[in-house]
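# An overview of the molecular structure
Listed below, chain by chain, are the residues.
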Amino acid sequence: MDYLIIGAGFAGSVMAERLASRCDKKVHIIEKRPHIGGNCYDEVDSSGVLVHRYGPHLFHTENRVVYEYLSGFTQWHNYRHKVVAHVDGRNIAIPFSFTTLYQVFDDVKADVLKAKLIERYGEGNKVSVLELREAEDEELKALGEYVYEKIFVHYTAKQWGIPASEVNPAVLARVPVLTSYDTHYFQDTYQAVPQSGYTRLFETLLDHPNISIALGEDALETLKIIDKQLYYKGERFEGTVIFTGMLDALFDHCYGVLPYRSLDLRFEVCDQEYYQDNAVVNYPNEHEYTRITEFKHIHPVKSPQATILKEYPQNYINGKNIPYYPMPTEDSKEQYERYAALAQEIDNLVLLGRLAEYRYYDMDDIVARALDVFEELT
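In what follows, the accompanying structure is described. Being a predicted model, the structure only gives us computed values, none of them experimental.

### A look at the pattern of salt bridges
Per the counting criterion, the structure on display carries 15 salt bridges. Measuring nitrogen to oxygen at the nearest pair gives 3.1 Å for the salt bridge that ties Arg-369 to Glu-357. With Arg-369 in helix H11 (residues 363-377) and Glu-357 in helix H10 (residues 354-357), this pair connects stretches of sequence that are 12 residues apart. Among the charged side chains, a salt-bridge network with shared partners connects Lys-116, Asp-137 and Glu-139.

### So, the layout of surface pockets
The volume enclosed by the second largest pocket comes to roughly 170 Å³. If you trace the second largest pocket, you find it lined by Tyr-336, Glu-337, Ala-340, Ala-343, Gln-344, Leu-349, Val-350, Leu-351, Glu-357 and Arg-369. Residue assignment for the lining of the second largest pocket shows that the elements contributing at least two residues are helix H9 (330-344) and strand S22 (349-351). Top contributing element to the lining of the second largest pocket by residue count: H9, with five residues.

### Comments concerning the nonpolar core
Buried together is how nonpolar side chains tend to be arranged in soluble globular proteins. If you look at the biggest cluster of nonpolar residues, it comprises 88 residues, and the most contacted ones within it are Phe-10, Met-15, Leu-70, Phe-96, Leu-101, Phe-105 and Leu-143. No other element matches the nine residues that helix H6 (residues 138-160) contributes to this core. Contacts of Leu-70, omitting those with residues within four sequence positions, involve Phe-10, Phe-59, Trp-76, Leu-201 and Val-367.

### Some words on the sheet that holds strand S7 (residues 83-87)
Across the sheet, which stays open at both edges, the seven strands sit in the order S8-S7-S18-S19-S20-S17-S21 with mixed pairing between neighbours. Looking at the sheet topology across the chains shown, the edges are occupied by strand S8 (90-94) and strand S21 (325-326).

### Focus on the packing of helix H2 (residues 64-71) against H11
Contact pair H2 / H11: the axes reach a minimum separation of 10 Å and the direction vectors enclose 85 degrees. With respect to H11, the axis of H2 lies roughly perpendicular. Contacts between H2 and H11 involve Val-65, Val-66, Tyr-69 and Leu-70 from the first element and Asp-364, Val-367, Ala-368 and Leu-371 from the second. Considered class by class, the residues forming the contact of H2 with H11 number seven nonpolar, no polar and one charged.

Calculation notes
- Residues numbered from 1 in each chain as written.
- Predicted model: local features only at pLDDT ≥ 70, side-chain atom pairs only at ≥ 80, totals over all residues.
- Heavy atoms only, no water.
- Salt bridge = Lys/Arg side-chain N within 4 Å of Asp/Glu carboxyl O.
- Helix = DSSP H or I, 4+ residues; strand = E, 2+ residues; numbered from the N terminus.
- 1 Å grid on protein atoms, 1.4 Å probe; cavity = no way out; pocket = protein on both sides within 12 Å on 5 of 7 lines; lining within 4 Å.
- Points joined across faces, edges and corners; volume = space filled by probe spheres on them.
- Core = buried A, V, L, I, M, F, W, Y, C linked by side-chain atoms within 4.5 Å.
- Buried < 20%, exposed > 50% of the residue type's maximum accessible area, 1.4 Å probe, protein only.
- Contact = heavy atoms within 4.5 Å.
- Pairing = 2+ DSSP bridges.
- Axes fitted to C-alpha atoms, helices over the stretch in contact; angles between N-to-C directions.
- Parallel < 35°, antiparallel > 145°, perpendicular 65-115°, else oblique.
- Nonpolar A, V, L, I, M, F, W, Y, C, P; charged D, E, K, R; others polar.

Here you go:
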């Protein structure tokens with residue numbers, strides 16, 4: 001083989017497809033799980049609903065190259081995501097917009113706030129909660145505090161397992177308030193989900209005679225590093241290894257286990273046609289779970305039952321659960337950089353993806369990253 005790829009998520013699969021089809025290279029993929037698709041894996045459950053087994057994945061992007069690339073492997077179901085947050089006993093639209101304004105305040109107060117938002121920030125724009133909280137106008141400042149307290153800070157504290165007082169204020173710069181009535185969660189040009197599901201997209205992506213796949217195989221049992229050289233099944237590997245797994249595990253956790261946040265995902269099949277009015281309802285405050293997803297809203301199907309997913313954030317425990325989110329701290333970044341320095345000493349090792357690069361990627365971002373790395377390699 002020319003390339004050995006560890007992991008069959010988007011990072012590894014896109015690289016495999018490009019190398020096999022564009023460069024006529026022989027590629028072998030090793031995937032620890034019993035399926036392809038990584039965290040995007042989906043399947044039809046007992047209620048006839050297509051569910052995302054590792055949490056909801058909604059494709060959205062401004063990157064036309066990525067959209068057109070993936071369009072070569074799937075038909076799309078146009079889906080524009082909407083989310084509500086359960087606040088003070090009712091569901092309100094998020095991101096916070098003029099629509100939300102009139103849901104939580106009386107018309108007189110909402111009219112005043114709307115006029116001030118337009119005057120200060122213009123209509124049809126985005127303003128961060130951080131900027132609102134620092135506004136000179138006391139009413140706009142109070143609005144920023146409301147959004148921060150009711151919708152953002154406690155959700156984030158649950159997600160990352162920290163006290164609300166320790167949530168980094170800089171994160172607020174990415175939390176938008178919309179000066180419009182837009183109730184869509186994303187504002188990207190391209191928004192959709194694969195018509196036949198993500199798993200089918202991956203099957204098409206990897207359907208090439210130059211690609212072989214080993215499922216249910218732990219690559220770290222056969223891939224070893226000896227004197228800064230890669231060995232596969234006891235023999236020195238002269239090709240290129242594209243590694244998308246956990247970098248600390250590749251080096252036997254010699255600098256300790258990198259910290260992540262994980263999720264306890266609990267699926268329920270309900271004997272009712274629909275459980276909730278939206279695909280996703282966030283629970284920022286009193287509940288232990290952060291959100292409930294109902295997949296029938298994402299992939300419409302006629303069924304007398306509904307499948308929902310409740311997400312309970314938890315700490316990652318090495319070997320016990322799934323590492324979902326790299327911890328965004330200076331200590332964890334420094335720890336990762338020590339592993340990255342070891343990897344740089346191995347000439348035929350390429351790191352790619354959320355786990356290998358220890359950074360969170362949206363789906364479109366990791367596809368774009370894989371396409372870029374492919375160009376760099378070839």
